[in-house]
Amino acid sequence: MVIRIGKATDNDFVANDSHVSRYHARLTRDEKGNLFIEDTESTNGTFVNGDRVIKKKITPSDIVTLGNNYTLNISEVLKSDNDYSEEFAALKPVYENYIKEKIRIQSSNQFKTRLLQSLPFAVIGILGLMISVIGKHNQGVFIGSLIIAVCAPTLGIYLGARQSAKIPALLQNLSNQFKINYVCPKCGTFLGEIPWESLANKKKCSLSTCRAKWVKK
Ligand SMILES: [Zn+2]
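So, a few notes on the structure that sits alongside this text. The model shown is predicted, which means the values in this text are computed figures rather than measured ones.

Rules and cut-offs
- Residues numbered from 1 in each chain as written.
- Predicted model: local features only at pLDDT ≥ 70, side-chain atom pairs only at ≥ 80, totals over all residues.
- Helix = DSSP H or I, 4+ residues; strand = E, 2+ residues; numbered from the N terminus.
- Rg over C-alpha atoms; globule rule 2.2 N^0.38 Å.
- Buried ≥ 20, exposed ≤ 12 C-beta atoms within 10 Å, placed from the backbone.
- Contact = placed C-beta atoms within 7 Å.
- Pairing = 2+ DSSP bridges.
- Expected span 1.5 Å × (residues − 1).
- Bend = angle between axes of the 7 residues up to and from the residue.
- Axes fitted to C-alpha atoms, helices over the stretch in contact; angles between N-to-C directions.

So, about the overall build of the protein chain. Along its length, the protein chain carries five helices and nine strands. Starting at the N terminus, the α and β elements of the protein chain follow one another as β-β-β-β-β-β-β-β-β-α-α-α-α-α. Taken over the C-alpha trace, the protein chain has a radius of gyration of 33 Å; the compact-globule value for 217 residues is 17 Å, which it surpasses by more than 25%. Here the protein chain holds 217 residues, and 16% of them are scored as buried. Expressed as a percentage of contacts within the protein chain between residues at least 6 apart in sequence, the contacts between residues at least 24 apart total 45%.

What follows is the structure in structure tokens.
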């Protein structure tokens, strides 16, 4: 990454100050992610914490001055290169958690629905066994069992249907949250239900006016 800084309008970052040279300095980042400020033969010099430098490694807490009194805002300078790779990397777990949660909602509800629908039939089976043992000579138990045998499956189907009716609402909430979180870090456009890896392969925001870069060069 190289960001050219100076007064001339064709720099990556334009520093409009009378003591800043037309092509004053460069901000670079090496493969390890270290930032360097480098003077490009400016008239009035480049300073880090008051010391004049030719090339110096800098951190966000350092104060970089161009010429007599133009203080460089490093985070603003970095944005001029549209480097959003760190913010974009943070979207990977957002996508993965969305898919994981979506599958969890669907499968857990399917399980609960089937359980609720099949439990009554298990109850009937147990009742049948009980009647065969004690119900033969007891009319009360026999009639009671008959009523339960009719009502239990109906209740089971009702509960099962109610459980499966929760799915759309849960998925809708999940999808709404995803649309808020899975957006371009620069322009805020929802990235769609597109896997993070596919977006990473495109290397930049699909909105042509945005120009955010997602993968460091
Ligand atoms: Zn964008």
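The structure having been displayed, the exposition proceeds.
With that out of the way, let us pick up the sheet that holds strand β3 (residues 25-29). Strand order in the open sheet made by the five strands is β2-β1-β3-β4-β7, with mixed pairing throughout. Whereas interior strands pair on both sides, the edge strands pair on one side only; in this sheet they are β2 (13-14) and β7 (55-58). Here four bridges tie strand β4 (residues 35-39) to β7, and the two strands are oriented antiparallel to one another. Bridge pairing links Ile 37 to Lys 56 in β7.

A few words now on the environment of Glu 96. The residue Glu 96 is located in helix α3 (residues 91-134) in this model. Judged by the 12 C-beta atoms lying within 10 Å of it, Glu 96 is exposed. Taking the C-alpha atoms as reference, Glu 96 lies 8.2 Å from Trp 196; in sequence the two are 100 residues apart.

Across its 44 residues, α3 extends 64 Å between first and last C-alpha, which sits within 8% of the 64 Å expected from 1.5 Å per residue. The principal kink in α3, of about 25°, is found at Ser 118, preceding the proline Pro 120 by one to four residues. Turning to α3, its buried residues number three or more, namely Leu 91, Tyr 95, Thr 113 and Pro 120. Where α3 is buried, its residues meet α2 (85-89), α4 (139-181) and α5 (196-202).

Even without glycine at this site, Asn 49 takes up a positive phi of about 50°. Its place among the elements puts Asn 49 in the loop between β5 (46-48) and β6 (51-53). For Asn 49, a count of 12 C-beta atoms within 10 Å corresponds to the exposed category. Despite not being glycine, Arg 211 shows a phi value in the positive range, around 70°. Mapped onto the fold, Arg 211 is located in the segment after α5.

An order of β6-β5-β8-β9 is seen for the four strands of this open sheet, with the pairing classed as antiparallel. Strand pairing shows two members of the sheet lacking a second neighbour, β6 and β9 (70-72), which therefore form its edges. Each strand of the sheet is rotated relative to its neighbour by a mean of 40°, with strand direction disregarded. Two elements, β5 and β6, share three bridges in a ladder whose sense is antiparallel.

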